[in-house]
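# Reading the structure
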Amino acid sequence: QNKKPFTLVLTLDEPHRKILLGMKKRGFGMNKYNGFGGKLEPTETVEEAAHRELWEESTISARNMKKVGLNLFSFENNPVAMEVHVYVVTEYDGTPTETEEMRPEWFSYDDIPYDDMWTDDRQWIPIMLKNKKFIGEFYFAEDQKRIISQVLEEVDVV
Ligand SMILES: CN1CCN(c2cc(NC3CC3)nc(N)n2)CC1
């Protein structure tokens, strides 16, 4: 119950089967590829925060935003869990551009760089790419690499 909400946006080019990831240049998750996202401002809905973070980190403006999953991350020896709300975008304005935070790069669905991403991603991204919704709980070791235990289920409603 001691949870902090975050957003995570994956942008898909479905006709070409490509996913837009960003190389994180600083802060939490630095030197990993990930979707775009961040914390919520007090006045924002989760979806508004997701839209803003995508724009701030990649300079693209989402025209659609579909809620596809929820991941709850907890860590050994850390009382605060992360509640990450996952969205998919398929329509947007602008061009993905490098920012101080992120270097955007398109990857084929078949060449996702999981070894340079958070360990959980290889579990739930394939579910997302099957156009299914999911709820995941991942209990990480202190090294933030090893997953001690997890529950991951496909759901009809997130
Ligand atoms: C603002 N960010 C958005 C992304 N996020 C995470 C976390 C994560 N695993 C958790 C062990 C850290 N895995 C992905 N793919 N994203 C953390 C908070």
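Criteria and cut-off values
Residue indices follow the written sequence of each chain, beginning from 1 at its first position. The model is predicted, so local features are restricted to residues of pLDDT at least 70 and side-chain atom pairs to those at 80 or more, both for listing and for counting; the totals for chains, interfaces and linings are taken over all residues. Side-chain descriptors were evaluated using all non-hydrogen atoms of the structure, hydrogens and water having been removed beforehand. Numbering of helices and strands runs from the N terminus; a helix is a DSSP stretch of H or I covering at least four residues, while a strand is a stretch of E covering at least two. Taken over C-alpha atoms, the radius of gyration is set against a globule rule of 2.2 Å times the number of residues to the power 0.38. Categorising residues by exposure relies on relative accessible area from a 1.4 Å probe, with only protein chains included: less than 20% of the type maximum marks a residue as buried, more than 50% marks it as exposed, and the intermediate range marks it as partly exposed. We call two residues in contact whenever any of their non-hydrogen atoms come within 4.5 Å of each other. The method behind every accessible area is Shrake-Rupley, applied with a 1.4 Å probe, and residues are considered shielded solely by the protein chains displayed. Whether a residue is near a molecule or strand depends on its heavy atoms: if one lies within 4 Å, it is near. For the purposes of these results, a polar contact is taken to be a pair of N or O atoms within 3.5 Å, where, inside protein, one atom must be able to donate a hydrogen and its partner to accept one; residues adjacent in sequence count only when each atom of the pair is a side-chain atom. Within this scheme, the nonpolar core is defined by two criteria: the residues are buried Ala, Val, Leu, Ile, Met, Phe, Trp, Tyr or Cys, and they are joined through side-chain atoms within 4.5 Å. This arc is built from the directions going out from the helix axis to the C-beta atoms. Just to be clear on terms, a salt bridge is a Lys or Arg side-chain nitrogen sitting within 4 Å of an Asp or Glu carboxyl oxygen.

## Points about the overall build of the protein chain
Across its full length, the protein chain carries 2 helices and 10 strands. Each helix and strand of the protein chain, placed in order from N terminus to C terminus, yields the pattern β-β-β-α-β-β-β-β-β-α-β-β. Taken against the 2.2 N^0.38 rule, which gives 15 Å for 158 residues, the C-alpha radius of gyration of the protein chain at 15 Å falls within 12% of a compact globule. Each principal axis of the C-alpha atoms in the protein chain carries an extent, and together these give about 40 × 35 × 30 Å. Counting only residues that meet the buried cut, the protein chain has 44% of its 158 residues in that class. Taking contacts inside the protein chain between residues at least 6 apart in sequence as the whole, the part at least 24 apart equals 63%. For the protein chain, the exposed area adds up to about 8500 Å²; of that, 48% sits on carbon and sulfur atoms.

## What about the site of the ligand?
In the region of the ligand, 15 residues are neighbours, and Asn 34, Phe 73, Trp 118, Asp 120 and Asp 121 sit closest. In this structure, a nitrogen atom belonging to the ligand sits 3.0 Å away from a side-chain N or O atom of Asn 34. The separation between a nitrogen atom of the ligand and a polar side-chain atom of Asp 121 is 2.7 Å. Protein contacts shield 93% of the accessible area of the ligand, which totals 430 Å² for the unbound molecule. Contributions of two or more residues to the shell around the ligand are made by β1 (3-13), β5 (66-75) and α2 (121-129).

## Thoughts on unusual backbone geometry
In this structure, Thr 59 is a non-glycine residue whose phi angle is positive, near 65 degrees. In this fold, Thr 59 is placed in the loop between α1 (46-58) and β4 (61-62). The phi angle at Asn 131 is positive, at roughly 65 degrees, despite the residue not being glycine. Of note, Asn 131 is situated in the loop between α2 and β9 (133-140).

## Focus on the nonpolar core
Counting residues in each nonpolar core, the largest one holds 28 residues, and the members touching the most others are Leu 10, Ile 19, Leu 21, Val 86, Trp 124 and Met 128. Among the elements of the structure, β1, β2 (18-24), β5, β6 (78-89), α2 and β9 are those that each provide at least two residues to this core. Other than its neighbours up to four places away in sequence, Val 86 contacts Leu 8, Leu 10, Lys 66, Lys 67, Val 68, Gly 69, Asn 71, Trp 124 and Phe 134. Judged by nonpolar contacts, the second largest core, of 11 residues, contains Leu 20, Phe 36, Ala 50 and Ala 62.

## A few points about α2
Those residues of α2 not exposed but buried are Asp 121, Trp 124, Ile 125, Ile 127 and Met 128. One side of α2 holds all its buried residues, which, seen down the axis, span an arc of 160 degrees. Positive phi shows up at Asn 131, right after α2, with a value of about 65 degrees.

## A few points about the pattern of salt bridges
On inspection of all chains with the given rule, the structure shows 15 salt bridges. Measuring nitrogen to oxygen at the nearest pair gives 3.3 Å for the salt bridge that ties Asp 110 to Arg 17. Of this pair, Asp 110 sits in the loop between β8 (102-108) and α2 while Arg 17 sits in the loop between β1 and β2, and the two are 93 residues apart along the sequence. Judged by its relative accessible area of 41%, Arg 17 is partly exposed. The shortest N-O distance in the salt bridge between Glu 41 and Arg 52 comes to 3.7 Å. Remark: Arg 52 occurs in helix α1 and Glu 41 occurs in the loop between β3 (33-34) and α1; sequence separation between them is 11 residues. Its relative accessible area of 40% is what places Glu 41 among the partly exposed residues.

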